[in-house]
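This is what each chain is made of:
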Amino acid sequence: MPEIVINAREATIGPGMMVNRILPFRKRRMVGPFIFMDHAGPVSLGAEKGKDMDVLPHPHIGLSTVSYLFKGKVTHRDSLGVKQIIEPGEVNWMTAGKGIAHSERFEDPAVLAGGQLEMIQTWVALPEKDEESDPTFLNYQKERLPVFEEKGLWMRQIAGEAYGLKSNVPTHSPLFYLHVELKKGYRLDVPLGYEERGLYVAKGTLALGSQQYTKGQLLVFSKEEQANVFAQQDCTLMLLGGDPVGERFIWWNFVSSRKERIEQAREDWKQGRIDLPPDDKDTFIPLPDDKFSRKDPPPEALS
């Protein structure tokens, strides 16, 4: 059985953007180095609503953001000057390190009609030695990522190593992250070899022993647990986990092993010391009024 089952909760990351928030959870802050997970969509809006969904420029420190689309398009811009149209199946890995700002805009109205936008966003906490590294952004087209396929199973290795597949996306600590499609009736073992492992049901229903799990649930397993899941319907899964990197503080979009570093990041954003994207600097998201406290819930994080 899983150590814990986390049910997604509704969260708002912009005026028109509701998501299912999976991590962090009050009883389980992280799975391996993964400290944040959102599932957005499928979104179906009229073309006139597209601007309401834009996530304006906002800052990050101490983490890597990983954007992965099932459907749709998103335009990423960051303070390094990168502009990247994110397409389904690609890996977009932005390492904030000591500080970066970015925006995510939905500039193609067609993708918002008929449920044509669906994406998963995760954050990976950096090891202490890399928390103050220089920021970077990498885009890996889907053709560069390893895929395995057999009857009833298709999987893409987004990052790390599992099932004999190894992604060439560079990571800062041992982890695995996969997109898996199961046909009804297929059995799959959750990969071993990592301290913490998670399985998120993005679509469909599966069984583990006598228990049934469905869309919006994250099953978390310890290293010792051998788990074999059975697809009761066609399923879309995200498998993720790895070795822990230690306790982390998280407030808004900032992650750090040191509370005082988050206070510094707050002040840096407030005083304009984190650059905005050079071609998206007319508007930005101001610092929330909430004061950082370890006990109080942080303001809604952005992607």
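In case you missed it, the structure is sitting above this.
Residues numbered from 1 in each chain as written. Predicted model: local features only at pLDDT ≥ 70, side-chain atom pairs only at ≥ 80, totals over all residues. Heavy atoms only, no water.

### Focus on the pairing of strand β19 (residues 205-208)
Alright, step 1. Where burial is concerned, the two faces of β19 agree: the one with T205 and A207 and the one with L206 and L208 are both buried.
Alright, step 2. Hairpin connection, β19 to strand β20 (residues 211-214): the antiparallel pair is bridged by two residues, and G209 has positive phi, about 65°.
Alright, step 3. Note that β19 and strand β22 (residues 228-231) share two bridges and pair antiparallel. Within β22, the position partnered with L206 by the bridge is A231. (Buried < 20%, exposed > 50% of the residue type's maximum accessible area, 1.4 Å probe, protein only. Helix = DSSP H or I, 4+ residues; strand = E, 2+ residues; numbered from the N terminus. Pairing = 2+ DSSP bridges.)

### What to know about the environment of G62
Alright, step 1. Mapped onto the elements of the fold, G62 is located in the loop between β5 (55-60) and β6 (63-71).
Alright, step 2. For G62, a relative accessible area of 3% puts it in the buried group.
Alright, step 3. In this structure the C-alpha to C-alpha distance between G62 and E131, which are 69 residues apart in sequence, comes to 4.6 Å.
Alright, step 4. When neighbours within four sequence positions are excluded, G62 is seen to be in contact with A96, G97, A125, L126, E131 and V255. (Contact = heavy atoms within 4.5 Å.)

### Side note on empty space enclosed by the protein
Alright, step 1. Scanning all chains against the criterion turns up two cavities of 30 Å³ or more.
Alright, step 2. Every element with two or more residues in the lining of the second largest cavity is listed here: β6, β9 (91-95) and β10 (100-105).
Alright, step 3. A breakdown of the residues in the lining of the second largest cavity according to their chemical character gives three nonpolar, six polar and one charged. (1 Å grid on protein atoms, 1.4 Å probe; cavity = no way out; pocket = protein on both sides within 12 Å on 5 of 7 lines; lining within 4 Å. Points joined across faces, edges and corners; volume = space filled by probe spheres on them. Nonpolar A, V, L, I, M, F, W, Y, C, P; charged D, E, K, R; others polar.)

### Topic: the packing of aromatic side chains
Alright, step 1. Scanning the entire structure with this criterion turns up eight aromatic pairs.
Alright, step 2. Seen from their ring centres, F176 and Y194 are 4.9 Å apart, and the 40° between their planes marks the pair as tilted. With F176 in strand β16 (residues 175-182) and Y194 in the loop between β17 (187-189) and β18 (196-203), this residue pair connects regions lying 18 residues apart in the sequence. Of the two residues examined, F176 and Y194, each falls in the buried class. (Phe/Tyr/Trp six-rings, centres within 6.5 Å; stacked < 30°, edge-to-face > 60°.)

### Re the nonpolar core
Alright, step 1. The biggest cluster of nonpolar side chains holds 28 residues, and the ones touching the most others in it are Y177, L218 and M238.
Alright, step 2. Among the nonpolar cores identified, the runner-up in size contains 25 residues, and F176, V201, L208 and V229 belong to it. (Core = buried A, V, L, I, M, F, W, Y, C linked by side-chain atoms within 4.5 Å.)

### Points about the sheet that holds β22
Alright, step 1. Judged by pairing direction, the sheet is antiparallel, and its four strands sit side by side in the order β17-β22-β19-β20 without closing on themselves. Among the strands making up the open sheet, the edge pair consists of β17 and β20. Pairwise comparison of adjacent strand axes, ignoring direction, gives a mean angle of 30° for this sheet.
Alright, step 2. Here four bridges tie β19 to β20, and the two strands are oriented antiparallel to one another. Within β20, the residue paired with T205 across the bridge is T214. (Axes fitted to C-alpha atoms, helices over the stretch in contact; angles between N-to-C directions.)

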